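Residue-level listing of the chains:
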Amino acid sequence: MPDALAPFRDLLGEGGVLSEPDRTAAYTLDHRELMRGQTEAVLRPRSVAEVQGLVRLARAQGYGLVPQGGNTGYVGGATPEPGRRQLVVSLERMTRIRGVDPLNFTLACDAGVILAEAQRAASEHDLLLPLSLGSEGSCRLGGNLGTNAGGLQVLRYGMTRDLVLGIEAVLPDGALFSDMRTLRKNNIGYDLKQAFIGAEGTLGIVTGVVLKLWPAQAFRATAWLQLSAGAPVPEIAALVRRETSDLATTFELISASSLGLVAEMRGADPGLRAGPGGAVLLELQASSARIPLDDVLMGTLEHLMEQGFVEDAVLAQSETQRRAMWAIRETIPEGEKHAGGSVKHDIAVPVSQLTAFLDRGGALLSERMPEVRLSFYGHVGDGNIHYNLVVPQGRDRLAFTREIEAGIAHDLYAIAIDLGGSFSAEYGIGRFKRDLLARYGDPTRLGLIAAVKRAFDPEDVMNAGAMLVEPPDA
């Protein structure tokens, strides 16, 4: 039998094609280990020209392609599906920082750059790339764009979509779409680069990106707030924004249950408490010492306590204390995993409706599944709450996940949608939520998504099976 991968080996050279099962295994298992995919090979290009070449080869030979960044997604969007004859395209060898413009406050780089490396490149010029995720040490910019990643500082800086000025992408026919401009004003028709952001690799392979930067936020004031019983979190978040002149970059709600999971994993008291209404990790940042952040934060906390919203607060007195606060927040997913895993619901509602969602969701769980432990936390300043059900001891994680996703998850999503929210705040659709998009999506929106897919990729080469339940009709 002729070697179908030989043309790819000739194109990509040594190390460019991985076909041995022990070497491809890491690329075919999704991050949450819910799906084991299948591929003949992982392609690892080193240049844009090689990406164009492999796309043309794949199309000619009838292969589909699955772009993959750091493989840290939660919805299976970068996992090749069994039976679809898909090759994985990993940009892990395309890691060039193309340039930093300190006067224009922009960063241009390959899509395979790890987010933390992009942050570091900006910081070397006393600048800030504000996109910040728990997986920033391993996720890659192409994946961040593909999922329109959110993260910890959306409150002030917005989602990935809000940070992108330019994109370079290889289209399904191998042509190159290059729009790597660094302009903030550029009205020349449709903003086509936006089509690739949040598209999860279904329209093309993003190979380069230009990102907005900000002055480095070298000065911080951080506090851990213990909320009173019935504390109105939306009102607190709004008050914080007003009282701090929008200097707040982080407003993270942490439930007492989530804090307990961290304590159980560590086997020790984390040293910080949640009040009857939970806890909030609040951080202000500024680029100049002329802004008295500590005074601004203290004044805000005094106002919150006068209103009866906060019982007590701990202010970080050093970088070590600040990091300890952040370590608690960032360890919650690990705490859930240590307890047996969790079924994750990436809910978004208008901030004003957050209390209503928590009340209605809590009542639903108390009635239907009182034995299940709830862990909720998230970026409440932007309305995103991670509403996770911990797998009960003795239960199989995958079986419990299937039970929840076929049952009560739909009731939770219905509550969110009734409140003007969404079942997918920042994780995307991928393969795990494509049925939800088909079920809850507006028919007009779904029709437009299918039309865009047909226009860009009529042969369904790019990441078939992600986002759309079935390929759009020709």
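Residues numbered from 1 in each chain as written. Predicted model: local features only at pLDDT ≥ 70, side-chain atom pairs only at ≥ 80, totals over all residues. Heavy atoms only, no water.

Side note on the overall build of the protein
- The number of helices and strands found in the protein is 16 helices and 19 strands.
- Taking 2.2 N^0.38 as the reference for a compact globule, 474 residues should give roughly 23 Å; the C-alpha atoms of the protein span a radius of gyration of 23 Å, in line with that estimate.
- With the principal axes as the frame, the protein shows a C-alpha extent of 75 × 55 × 45 Å.
- A burial count over the protein gives 53% of its 474 residues as buried.
- Restricting the contact set of the protein to residue pairs at least 6 apart, pairs at least 24 apart contribute 74%.
- Here the protein has roughly 20,200 Å² of accessible surface; of this, 50% comes from carbon and sulfur atoms. (Helix = DSSP H or I, 4+ residues; strand = E, 2+ residues; numbered from the N terminus. Rg over C-alpha atoms; globule rule 2.2 N^0.38 Å. Buried < 20%, exposed > 50% of the residue type's maximum accessible area, 1.4 Å probe, protein only. Contact = heavy atoms within 4.5 Å. Areas by Shrake-Rupley, 256 points an atom, 1.4 Å probe, with all protein chains shown as cover.)

Quick notes on the packing of aromatic side chains
- Inspection of every chain in the model, using the stated rule, returns ten aromatic pairs.
- Geometrically, the ring pair formed by Phe 8 and Tyr 63 is edge-to-face, given 6.0 Å between the ring centres and 75° between the ring planes. In this pair, Phe 8 is assigned in helix α1 (residues 6-12) and Tyr 63 in the loop between α3 (48-61) and β3 (64-68), connecting sequence segments 55 residues apart.
- Phe 8 sits in the buried class, given a relative accessible area of 0%. (Phe/Tyr/Trp six-rings, centres within 6.5 Å; stacked < 30°, edge-to-face > 60°.)

Digging into the sheet that holds strand β5 (residues 97-101)
- With antiparallel pairing, five strands are arranged side by side in an open sheet as β5-β6-β10-β8-β9. Single-partner strands in this sheet number two, and they are β5 and β9 (176-179). Geometrically, the sheet is characterised by an average inter-axis angle of 10° between neighbouring strands, direction not taken into account.
- Relative to strand β10 (residues 205-212), strand β8 (residues 164-170) is paired through six bridges, and the arrangement is antiparallel. The partner of Ile 167 across the bridge, within β10, is Val 209.
- Against the sheet, α3 engages β5, β8, β9 and β10, with an angle of about 45° to β8. (Pairing = 2+ DSSP bridges. Axes fitted to C-alpha atoms, helices over the stretch in contact; angles between N-to-C directions.)

Here's the deal with helix α12 (residues 354-368)
- Compared with the 21 Å implied by 1.5 Å per residue over 15 residues, the 21 Å span of α12 between its first and last C-alpha is a close match.
- Those residues of α12 lying buried are Leu 354, Phe 357, Leu 358, Gly 361, Leu 364 and Leu 365. Along the axis of α12, the buried residues cluster in a sector spanning 135°; they form a single face. When the buried face of α12 is taken as reference, the exposed residues oriented beyond 90 degrees from it are Asp 359, Ser 366 and Glu 367.
- If you follow the buried residues of α12, they end up packed against α8 (233-243), β13 (248-254), β17 (346-348), β18 (373-379), β19 (384-390) and α14 (408-418). (Expected span 1.5 Å × (residues − 1). Arc of directions from axis to C-beta.)

Describing the packing of helix α9 (residues 256-266) against helix α11 (residues 319-338)
- The N-to-C vectors of α9 and α11 enclose an angle of 75°; their axes lie 8 Å apart at closest approach. When the axis of α9 is compared with that of α11, the two are roughly perpendicular. Contacts from Ser 258, Leu 259, Leu 261, Val 262, Glu 264, Met 265 and Arg 266 of α9 reach α11 at Ala 327, Ile 328, Thr 331, Ile 332, Glu 334, Gly 335, Glu 336 and His 338.
- Residues of the contact of α9 with α11, tallied by class, amount to seven nonpolar, four polar and four charged. (Parallel < 35°, antiparallel > 145°, perpendicular 65-115°, else oblique. Nonpolar A, V, L, I, M, F, W, Y, C, P; charged D, E, K, R; others polar.)

Examining the domain arrangement of the protein
- Per the domain assignment, the segments of the protein are domain 1 (6-90), domain 2 (97-215), domain 3 (217-339) and domain 4 (340-428).
- Placing a centre on the C-alpha atoms of domain 2 and another on those of domain 4 gives a separation of 30 Å.
- Summing the contributions of domain 2 and of domain 4, the shared interface buries around 520 Å²; its carbon and sulfur component is 53%.
- Its largest share of buried area at the contact with domain 4, domain 2 owes to Thr 147, Gly 151 and Leu 155, together 50% of the area lost on that side.
- Inspection of the region where domain 2 meets domain 4 yields zero salt bridges.
- A breakdown of the residues in the side of domain 2 that touches domain 4 according to their chemical character gives four nonpolar, three polar and one charged. (Domains from an automatic or database assignment. Buried area = accessible area lost by both parts, 1.4 Å probe. Salt bridge = Lys/Arg side-chain N within 4 Å of Asp/Glu carboxyl O.)

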